[in-house]
Amino acid sequence: MNRIKSILLSLFLLLPLSTWAEEAAIDIPEVVMEHLSDAYEWHLWSYAGQAYSIPLPVIVRSERSGEWICQMGAEELPDGFFLNAEAHGKIYERLSDGTTVRPLDISLTKTACQIWIVVLLMLAVFLCTARWYKSRDEKSEAPSGFVGMIEMLTMTIHDDLIRSNIGEHAYKPFAKYLLTVFFFIFFTNLVGLIPFSGNVTGNINITFLLALCTMFAVNGFANRHYWQEVFLPRPFYLWPLLVITEVIGVFTKPFALMVRLFANMMAGHAILLSFTCIILLGATMGLGMAWGLGLFSGVMLLFMYCIEVLVAFIQAYVFTLLSAVFIGLAHREHEE
Amino acid sequence: MDLNSLPAILTPDLGLLFWMLLAFIIVFIVLAKFGFPAIINMVEERKAYIDESLRKAHEANEKLANIKAESEQLLREAREQSAQIVKDAAAARDSMVSQAELKAREESARIIAEAKAQIENEKQAALNEIRGEVARLSVGVAEKVLRKELSSDAAQMEYVDKLLDEVSSKAK
């Protein structure tokens, strides 16, 4: 009797979901891509065909007049501007001669907003931690609780990752940069896992900039020995071949960093979104499929979510580790 | 290549790059100046302090062991010294006693000898005196005899001699 009751109850609960799903057939790739992409608004949820979202500041410089246009949201744009559906819904401008161009657009999009949220979070966390130390000296007790956790994490990265991989003689100038990189990626990844938040490290622009910084940090301060290995690799009879691979290697190392972080985070988000979509998809296929797929996807979703928390740390760790290794290679003392 | 044919997340976006660069630079500058150095310096200072404390504790331990050994050494030395002093004192006492004994013996011998000499002297003096007295007496006796019997000289002289001899032998 109880079982029948619960089945009836679940059927009743699933009814509105299935009716909604019948109305809007789900195109999973479309939904996933939409959630991964940047936007001029912070989409919260859709209900009954109505999207509820927070409009974000749009800052565009007109190509025609050179004027700056600042407004909230891109629902209504001034004359001459339009959202180009062929270019992922970015703001484009139609010039007087009929051609369309992409104006200078530094809108605080969803991704940009989330970057600033991460920045504020990082500043809050580390400045609070730093303030804790202000009233204490080395003779007072070691911190516990939150400050202790941050200290432990910082010192783990600083000692085990940066110091040991760059080497004792050269790690100091890079320690702060690499710590910033690690915590920036780590915090961004974690914030990206909070529901309603967007996808930041799964955007190639973000990882490109991080990799560019690392490339500068590696090559900008490299010693003579490093450049000797790039341009005068031994043995000499293989010089033409080796110099090409070495020069390409200078660029492939940061490129690999960029793609690895991007692909991992993007794939993680895509998997989470796909399993969520499968639950909704199952709801359109009748009660049995709704239960079966729902249960399966729900379990997988929870599992993947836990994995993603792990991946958030691992990817930040790997990016910092490889950056430290590359910097270490550029500062290797001449042995033998 | 038309970049718009790529998925949205692969499309370069100048605005996003700008914001990312700005945010990253700000967070890097602030944290590199106020965030991480506070943590790292404090941890390193604490590490140095702990190392220093350990080193000091080791040193203090060593010192304590040294002091213990030193005090034991001192105690042993003092004990030895006191034993030596007692022994020395005993020896000194013995030698003093024996010396005093010797001196006393010498002194007594000297006194005895002196006494003997004095006695001898006195005896000699007494003898001399007696001799003198005897002579005087004998002279007196002789006088008396002479006065009484002046008739026969020869017999009387003989008598005197006899008397004198008697007296002298008696005195002897």
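No experiment lies behind these values; they were computed from the predicted model shown.

A. Looking closely at helix H7 (residues 224-231) of chain A. Residues and elements named next belong to chain A. By the burial criterion, the buried members of H7 are His-225, Tyr-226 and Val-230. Buried residues of H7, viewed axially, fall in a sector of 140°; they line one side. Against helix H6 (204-220), helix H8 (239-283) and helix H9 (286-329) lie the buried residues of H7.

B. Molecular detail of a negative patch on the surface. Residues and elements named next belong to chain B. A surface patch of negative charge is lined by Glu-158, Asp-161, Asp-165 and Glu-166. Mapped onto the elements of the fold, Glu-158 is located in helix H2 (residues 153-171). With relative accessibility at 60%, the residue Glu-158 sits in the exposed group.

C. Examining the pattern of salt bridges more closely. Tallied over the entire structure, the rule returns 16 salt bridges over all chains. The partner of Asp-13 of chain B in a salt bridge is Lys-90 of chain A, with the nearest N and O atoms 3.0 Å apart. One end of the pair, Asp-13 of chain B, is in the segment before helix H1 (14-148); the other, Lys-90 of chain A, is in strand E6 (residues 90-94), on a second chain. The exposure classification of Asp-13 of chain B matches that of Lys-90 of chain A, with both residues buried. Salt-bridge contacts for Glu-107 of chain B lead to Arg-110 of chain B; the nearest nitrogen and oxygen are separated by 2.5 Å. Taken together, the positions of Glu-107 of chain B and Arg-110 of chain B, both in helix H1 and three residues apart, correspond to about one turn of that helix. Judged by its relative accessible area of 36%, Glu-107 of chain B falls in the partly exposed class. The exposure class assigned to Arg-110 of chain B is partly exposed, which follows from its relative accessible area of 40%.

D. Local environment of unusual backbone geometry. Residue and element names in this part refer to chain A. The phi angle at Phe-196 is positive, at roughly 80°, despite the residue not being glycine. Relative to the helices and strands, Phe-196 resides in the loop between helix H5 (172-193) and H6. We classify Phe-196 as partly exposed; its relative accessible area is 47%.

E. Layout of empty space enclosed by the protein. Residues and elements named next belong to chain A. Using the criterion set out here, one finds two cavities of 30 Å³ or more in the structure. Computed from the structure, the largest cavity encloses a volume of approximately 50 Å³. Lining the largest cavity are Thr-214, Met-215, Val-218, Asn-219, Tyr-226, Val-250, Lys-253, Pro-254 and Phe-326. It is H6 that provides the largest number of residues to the lining of the largest cavity, a total of four residues.

F. Representation of the nonpolar core. Among the nonpolar cores identified, the biggest contains 71 residues, and Phe-126, Ile-162, Ile-166, Phe-183, Phe-184 and Leu-210 of chain A are the most heavily contacted of them. Only helix H3 (110-134), helix H4 (145-166), H5, H6, H7, H8 and H9 of chain A together with H1 of chain B provide two or more residues apiece to this core. Filtering out sequence-adjacent residues up to four positions away, Ile-166 of chain A remains in contact with Tyr-171, Phe-174, Leu-178, Ala-324, Ile-327 and Gly-328 of chain A. Formed by nine residues, the second largest nonpolar core is a distinct cluster that contains Leu-36, Ala-211 and Met-258 of chain A together with Ile-9 of chain B.

G. Summary view of the interface of chain A and chain B. Opposite the 61 residues of chain A that make contact, chain B presents 39 residues. A combined buried area of about 4,300 Å² lies between chain A and chain B, and 78% of that area is made up of carbon and sulfur atoms. Sorting the residues of chain A by area buried against chain B places His-88, Glu-138 and Asn-205 of chain A first, and these three jointly supply 15% of that buried surface. At the junction of chain A and chain B, the tally comes to four salt bridges. Salt-bridge contacts for Arg-46 of chain B lead to Glu-151 of chain A; the nearest nitrogen and oxygen are separated by 3.0 Å. Put simply, the parts of the chain that give the side of chain A that touches chain B at least two residues each are helix H2 (28-36), E6, strand E8 (104-105), H3, H4, H5, H6 and H8 of chain A. Per-element tally for the side of chain A that touches chain B: the top contributor is H3 of chain A, with twelve residues. Within the side of chain A that touches chain B, the residues separate by chemical class into 36 nonpolar, 13 polar and twelve charged.

H. Structural detail: the layout of surface pockets. Put simply, the second largest pocket is a space of about 270 Å³. For the second largest pocket, the lining is made up of 22 residues, of which Lys-90 and Arg-102 of chain A together with Thr-11, Pro-12 and Asp-13 of chain B are closest to its centre. Within the residue set of the lining of the second largest pocket, elements represented by two or more residues are E6 of chain A together with H1 of chain B. The leading source of residues in the lining of the second largest pocket is H1 of chain B, at three residues. Its residues assigned to classes, the lining of the second largest pocket shows nine nonpolar, seven polar and six charged.

I. Molecular detail of the domain arrangement of chain A. Domain boundaries assigned for chain A yield domain 1 (57-107) and domain 2 (110-330). Computed from C-alpha atoms alone, the centre-to-centre distance between domain 1 of chain A and domain 2 of chain A is 33 Å.

J. Representation of the packing of aromatic side chains. In the structure shown here, the tally under the stated rule is 22 aromatic pairs over all chains. Between Phe-186 of chain A and Phe-313 of chain A, the aromatic rings sit 5.5 Å apart at their centres with planes inclined by 85°, giving edge-to-face as the arrangement. Placement of Phe-186 of chain A in helix H5 and of Phe-313 of chain A in helix H9 is noted, with a sequence separation of 127 residues between them. Seen in terms of ring centroids, Trp-227 of chain A and Phe-231 of chain A are 6.0 Å apart; in terms of plane orientation they differ by 20°. Their pairing is stacked. With a gap of four residues between them, Trp-227 of chain A and Phe-231 of chain A both fall in helix H7, about one helical turn apart. A residue is classified by how much of its surface remains accessible, and Phe-231 of chain A, at 44% relative accessible area, is partly exposed. Members of the aromatic cluster, each reached through a chain of ring pairs, are Phe-126, Phe-182, Phe-183, Phe-186, Phe-187, Phe-313 and Tyr-317 of chain A together with Phe-36 of chain B.

K. Structural view of the pairing of strand E2 (residues 50-55) of chain A. Residue and element names in this part refer to chain A. Judged from the six bridges that link them, strand E1 (residues 41-47) and E2 form a sheet pairing that is antiparallel. Bridged to Glu-41 within E2 is Pro-55. Linking two consecutive strands that pair antiparallel, namely E1 and E2, is a turn of two residues; a positive phi of about 50° is found at Ala-48 within it.

L. Spotlight on the packing of H5 of chain A against H9 of chain A. All names here are of chain A. Axis separation between H5 and H9 bottoms out at 9 Å; the angle between their running directions is 160°. Our classification of the angle between H5 and H9 gives roughly antiparallel. Crossing hand, H5 versus H9: right-handed.

Reading guide: rules and limits
All chains use their own residue numbering, which begins from 1 and follows the written sequence. All chains are assigned letters beginning with A, and all ligands numbers beginning with 1, in the order in which they are written. Thresholds applied to this predicted model are a pLDDT of at least 70 for local features of residues and 80 or more for the giving and counting of side-chain atom pairs; totals over whole chains, interfaces and linings are not thresholded and use all residues. Remark: hydrogens and water are excluded; side-chain values derive from all non-hydrogen atoms of the structure. Partly exposed describes any residue whose relative accessible area lies between the buried limit of under 20% and the exposed limit of over 50%, with all areas from a 1.4 Å probe on protein chains only and scaled to the type maximum. Counting from the N terminus, the helices are DSSP H or I runs at least four residues long and the strands are E runs at least two residues long. By definition, the arc is the one covered by directions from the helix axis to the C-beta atoms. In what follows, residue pairs with any heavy atoms lying within 4.5 Å of each other are defined as contacts. Patch rule: a residue counts if its relative accessible area is over 30% and it has no salt bridge; like charges are joined within 9 Å, and nonpolar side chains (Val, Leu, Ile, Met, Phe, Trp, Tyr) within 5 Å. A 1.4 Å probe and the Shrake-Rupley method give the accessible areas. Residues count as covered only by the protein chains that appear here. Each reported salt bridge corresponds to a side-chain nitrogen of Lys or Arg within 4 Å of a carboxyl oxygen of Asp or Glu. Charge counting treats Lys and Arg as positive and Asp and Glu as negative, with His and both chain ends excluded. Note that the charge is assigned to NZ on lysines, CZ on arginines, CG on aspartates and CD on glutamates. Think of a 1 Å grid over the protein atoms and nothing else: a 1.4 Å probe that fits but is trapped marks a cavity, an open set flanked by protein within 12 Å on at least five of seven lines marks a pocket, and residues with an atom within 4 Å of a point count as lining. Grid points are joined across faces, edges and corners, and a volume is the space filled by probe spheres set on the points. In these notes, a set of buried Ala, Val, Leu, Ile, Met, Phe, Trp, Tyr and Cys residues joined through side-chain atoms within 4.5 Å is what counts as a nonpolar core. Put simply, buried area is how much 1.4 Å-probe accessible surface two parts lose in total, over both of them, once they are put together. Under the grouping applied here, Gly and all other residues not named as nonpolar or charged are polar, the nonpolar ones being Ala, Val, Leu, Ile, Met, Phe, Trp, Tyr, Cys and Pro and the charged ones Asp, Glu, Lys and Arg. Where each domain begins and ends is defined by an automated method or by a domain database. Pairing of aromatic side chains requires ring centres within 6.5 Å, counting the rings of Phe and Tyr and the six-membered ring of Trp. Pairs whose planes differ by under 30 degrees are stacked, by over 60 edge-to-face, and all others tilted. When DSSP finds two or more bridges between a pair of strands, those strands are recorded as paired. Axis definition: a line fitted to C-alpha atoms, limited for helices to the stretch in contact. Angles are taken between N-to-C directions and run from 0 to 180 degrees. Oblique is the label for every angle not falling under 35 degrees (roughly parallel), over 145 degrees (roughly antiparallel), or within 65 to 115 degrees (roughly perpendicular). With the far helix as reference, a near helix turned anticlockwise by less than a right angle produces a left-handed crossing, and one turned clockwise produces a right-handed crossing.

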